[in-house]
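Report on the structure
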Amino acid sequence: MANSTVKLDENITKWTLDFSSKTKAEKSAELSSPPGYFPSIGNNQIETIREADSARLIIKKSWDLALGPIKQVPMNMFLVYMAGNSISIFPIMMIGMIIIRSVKALFTIQQAFKMIEGKHAASQKIVYFIGNIVNVGVALYKCQSLGLLPTHASDWLAFAEPQIRVEYSGGGLSYL
Amino acid sequence: MFVCNCKNVFSLYEDQIGKFDWKKNLIGTVKYSLFAKDVNQQTVIFAATEENVVACLCYKSGNILWRKILEKGNLGRINALHLYNKIIFAVSGTDVILIRGWDIKYGYLISQWSFQLHPNEVFQKILWFCSADKLYKLFFLPEQSPELETFKISNGEKLSQKNIFSLEPVYTIDRCAVNNGILLCLNEVGFATMNFTNENFIFHHVNFNYTIDKQYFVNAHTNTKIAVFTIYDGIEKFSVCIDKNLEFYKSNAISEIGDVNIITLSSGIHVTITVMPISQNILELKGLEQHNERTLFLRRFVLKFPVGQVTISAIDCVEKVADQIICSILVTTTDGSVILLKSTGELKWMREEALANVVTGEIIELPMSDTEAEMQTEFDAKESDVMKMFIRRISSHIFQLQKLFLGILGMLEKSFSTDLDNGSKLVRDYFNLHKIILVITKQLKVYAIDNVSKDILWSYLIKYDFEPFPASSTNEIVRIPLFIQRTYRHYPHPMQCTILVKDKRTKNGVIISFDPVTGKFESELKLDFKIKQAMLLPKQTINDYLQGIMILKEDNSIYVYPEYAKTVMLDITPNLYVHVAEADICQVNGYMFNYKVNNTVLIPAWNMKCTGKIIKVCGKNPIEKVHSQGRVLSDRSVLYKYLNPNLIVVVSQSFNPEDQKSMLTLYFVDSVTGVIVNGDVRYKASDPVHLIHSENWVVLIYYNDKARRTEVVTYELYEGKTQKNSTETKSLRPIVDSRVYVLPTSYVEAARETITEKGITSKHVLVALSVGNIVELPWVILDPRRPFSSTNEIKEEGVLPYIPEIPIPTETIINYNQTLNRVRGILTSPTGLESTSFVFVYGLDLFYTRTAPSKTFDLLKEDFDYVLIIVVLVLLIMLTFISKHLAYRRALRQAWR
């Protein structure tokens, strides 16, 4: 309808507006578009932008996901640093959380990878994996500095088997 | 701070006194005794013993009313016991004579005086005699006339000068005795008597128509109105009573195992009293009137425990009406028992005083109940055939069912009859807290004591013609090797213990085996050689699970008991070694065995010589287990323990000419190779010496002569930061740490380490002090790694900084206020609870308790509130159900809306 109105006035001028003549049919019809507005043109432009962006967006979003664990590393490190080297409930809980979160993420890595698409998928997967590993590493480092890792000989002492007696000897002071 | 806190827990609550521990007070073998009336006219018995104890015993029960423990050894040896004016006097000592008087009712000291004997009087026989308020000292110098001195017994005032009178040289002091002012001396043809109270000193000779063969023995009876002597001529015994006018009356002669005594009635009639053991458990008491051979009484007494030869120690007779007397006779036996008999046929009481002379012992695990044992055999089964195993399983179930039935029947029966069968109770409990304490005394009497109820379960007297081996060090009396050949594990074979003694006459070895639970003595094997050394073989025989005993003969050949264990021994000979230490020549010889089918010979392997005299040879406890193989240092590395099971510690005592004092030399010897892995010398160190060797540490306790204090040296042996061989034990040169500590107390009487089943619990050192305390010293305090300066690293390791004095807080005294006198040894034993260790202390008193060195981590606290826990649990469960129900109702109401 709007197009027909424009066509009618085309021969006069492009910018004139006729408010007077309006048939009943015209009145019931939709309002014409405001000048300078060409719905068709606008629609076409958005469509093209949307198509080009979606691929980039996927990559971006995937990167967000992939970099998530890495981004947590500084915060975790700060937390761990602030926790101090004494063994108490909060540091332990913190480390536990870091470990559990990262390990859980590593175990559900397949689901996370399903969400990662696009050209960069391979590198993103690697980054995601590395990020989680680094988080685990941070937690383990903290465990180590807390002395919770069985890395010393003393930690395995309880499992040391007693030595087997080979020779038997007896005697004492003479009874004579 | 931590240590302080930790110690508070060791102490006992007041209401726990006597709950886990018991004490048996003893007096020792009775030497002199007398009946007396105390201030309330109650009869009491005073006794002076070989253990230098003066005791007042209750007439009715035989309990100790009071006792005074005099000095140890010769210093306090009691020479006479006398009652005068409600004071009981004892004359004691051999060099300095002490005369002390105690109140008879409460036992407090009333008078005391002393005098020094002339140097040439010391070690000579002196006859002491008391009469009323006088003390007579009768002294004989060899080849000289006897001298008599008289003192006032209450204050030592000299009543008369030395009286010298002549005695014919045919009489010697060894054959003289004095009683009630009458001196009697024996010779080959008769005896001479003299009444010295009237001071005319004239001997009256009596020829006697009997022959005195080899042995002469004359014994004066204390506490008789008349002078009575018992003469033993090597074959027979008879009594002689002598009155003031030296008229004598002789009783009938009896066999040496009994005893005879004479009493005089008010009518002047002599009554002969004889006590004769019919068997080991039955005594016969007979009273015979002199003039008409009329039997006044004839009684038989059945004793609970066996006794040896008897001696009448004291007699107290009351004449009711004419011809009617009631006598109380205190009988002592060679095995140390004290028995009070009444002529009415009543056995008043019996005291087992042999227990004051315990030489060795063992805490023995009880056998399993039949059901458990059956189960054990089911899993022990050797055959692997399926069918046989199935049959075994079924049969064991049937057996269990049968047991159950019998049990129910038994319970029914028990409800009718109240008496409990003693034998059926002796089974192990769940935590193995019920055990038997097996002790062997100097008199060769074996006792089994229940550790819970302190009752004597059984007692056995080994034949009189055997004797124990001589002592090797000063803190032993004699040595009796005791071996457990078979433990409770091998049902249906009974347990077997074996002791080694020797024949009195031939000195040849004797092997005696018995079952420690029932007290059944199975065999008594007389050997035809002398025993030099013995050891328990580490392997059992195949058929009857018996660990053989390898006995080293005098000529270095070997004998295996039982004979059939020899095959087992042959299997292990390449790895079997034996060592013998000769104390006097200070030499230790190590031997190995040359494997030969019919004749195994000893080959000398090594030899170690030292100077002085070997006083201790100490290996490790064979049942000990070490849980932790090393010690964690502050840098979290491990210092591995040196756990050579064949390591022995040899201590020799010698005289150091430089400082004129005794010194101790320690040798840590590997008894397989003879390598001395470490050594140490302690200067100015003298008796008493005690040595503990356990795990990887050694504790030596001695008295420092110069500083006049008791010192404790501790040694710890480590392999280093790496283990050279983690599977097998080998001899190496260890790293040794040592520290000396001062025990701020008087002498130490005995020392022992605690032991637990798995060795997880830390070890404590139990030290018996001469003041009567048993102190529990934690290893943290004795640790040789205690540093001189405290650093953070050391703090992290949990080692305290070095302080020479060992603190003795009262909480660490495990016998709290129950003083233990003259402790001679401590036995420790593991229990089924890893935290708990049994402690049995023997000496003059017996004491049993249990300790938990690392606190009772495997037990709920005594004050654990079961009620509260149950109430809370029940409440919680109820609340859950109620709230569930309420929630359901609420949900339903919501749904209707």
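Preceding this paragraph is the structure being described.
Reading the values: rules and limits
Residues numbered from 1 in each chain as written. Chains lettered and ligands numbered in written order. Predicted model: local features only at pLDDT ≥ 70, side-chain atom pairs only at ≥ 80, totals over all residues. Heavy atoms only, no water. Pairing = 2+ DSSP bridges. Helix = DSSP H or I, 4+ residues; strand = E, 2+ residues; numbered from the N terminus. Axes fitted to C-alpha atoms, helices over the stretch in contact; angles between N-to-C directions. Contact = heavy atoms within 4.5 Å. Buried area = accessible area lost by both parts, 1.4 Å probe. Salt bridge = Lys/Arg side-chain N within 4 Å of Asp/Glu carboxyl O. Disulfide = S-S within 2.5 Å. Buried < 20%, exposed > 50% of the residue type's maximum accessible area, 1.4 Å probe, protein only. Patch = residues over 30% accessible without salt bridge, like charges linked within 9 Å, V, L, I, M, F, W, Y side chains within 5 Å. Areas by Shrake-Rupley, 256 points an atom, 1.4 Å probe, with all protein chains shown as cover. Lys, Arg positive; Asp, Glu negative; His and termini not counted. Charge placed at Lys NZ, Arg CZ, Asp CG, Glu CD. Polar contact = N/O pair within 3.5 Å; in protein donor to acceptor, adjacent residues only side chain to side chain.

Let us look at the sheet that holds strand E42 (residues 531–540) of chain B. Residue and element names in this part refer to chain B. Pairing is antiparallel in the open sheet, where three strands are placed in the order E42-E43-E44. Only two strands of the sheet have a single partner each, and these edge strands are E42 and strand E44 (558–561). Across this sheet, the average inter-strand angle for adjacent strands is 25°, counted without regard to direction. Relative to E44, strand E43 (residues 547–553) runs antiparallel, the two sharing four bridges. Residue Leu-552 lies in a different strand from E44, and its bridge partner there is Ile-558.

Residue-level contacts link 48 residues of chain B with 24 residues of chain A. When chain B packs against chain A, close to 3,200 Å² is buried across both sides, 54% of that on carbon and sulfur atoms. Here chain B is connected to chain A by one salt bridge. Breaking the side of chain B that touches chain A down by element, the ones donating at least two residues are strand E36 (469–470), E42, strand E45 (576–582), strand E48 (613–618), strand E49 (630–632) and strand E50 (638–641) of chain B.

Let us now look at the state of the cysteines. Residue and element names in this part refer to chain B. Counted according to the given criterion, the structure contains two disulfides over all chains. Through a disulfide, Cys-317 is tied to Cys-327; the S-S separation comes to 1.9 Å. Taking the sign of the S-S torsion, about 105° here, the bridge from Cys-317 to Cys-327 comes out right-handed. Of this pair, Cys-317 sits in strand E27 (residues 310–321) while Cys-327 sits in strand E28 (residues 324–333), placing them 10 residues apart in sequence. Here Cys-317 falls in the partly exposed class, since its relative accessible area comes to 27%.

Let us now look at the pairing of strand E25 (residues 282–289) of chain B. Across a regular strand the side chains alternate sides, sitting on one face of the sheet and then on the other. All names here are of chain B. In terms of burial, E25 is largely enclosed, as six of its eight residues are buried. As paired elements, E25 and strand E26 (residues 295–302) share seven bridges and run antiparallel to each other. When the sheet's bridge partners are listed, Glu-284 is paired in E26 with Arg-300.

A word on the pairing of strand E16 (residues 190–195) of chain B. All names here are of chain B. Counting buried positions along E16 yields six of six residues, so the element is predominantly enclosed. Residues Gly-190, Ala-192 and Met-194 point to one face of E16 and Phe-191, Thr-193 and Asn-195 to the other, with burial holding for every one of them. Bridge count between strand E15 (residues 182–186) and E16: five bridges; the pairing is antiparallel. The residue of E16 that forms the bridge with Cys-185 is Ala-192. Where E15 folds back onto E16 in an antiparallel hairpin, the turn is made up of three residues.

Turning to a positive patch on the surface, a few remarks are in order. A surface patch of positive charge is lined by Arg-889, Arg-890, Arg-893 and Arg-897 of chain B. Note that Arg-893 of chain B resides in helix H8 (residues 866–896).

Moving on, we get to the environment of Arg-824 of chain B. Residues and elements named next belong to chain B. Positionally, Arg-824 belongs in the loop between helix H7 (792–797) and strand E61 (825–830). Taking the C-alpha atoms as reference points, Arg-824 and Ala-750, 74 residues apart in sequence, are found 6.0 Å from one another. Leaving out residues up to four positions away in the same chain, Arg-824 has contacts with Glu-51, Ala-356, Asn-357, Val-358, Asn-475, Ile-477, Ala-750, Tyr-842 and Gly-843. Within the structure, Arg-824 has its side chain in polar contact with the backbone oxygen of Ala-356 (distance 2.8 Å).

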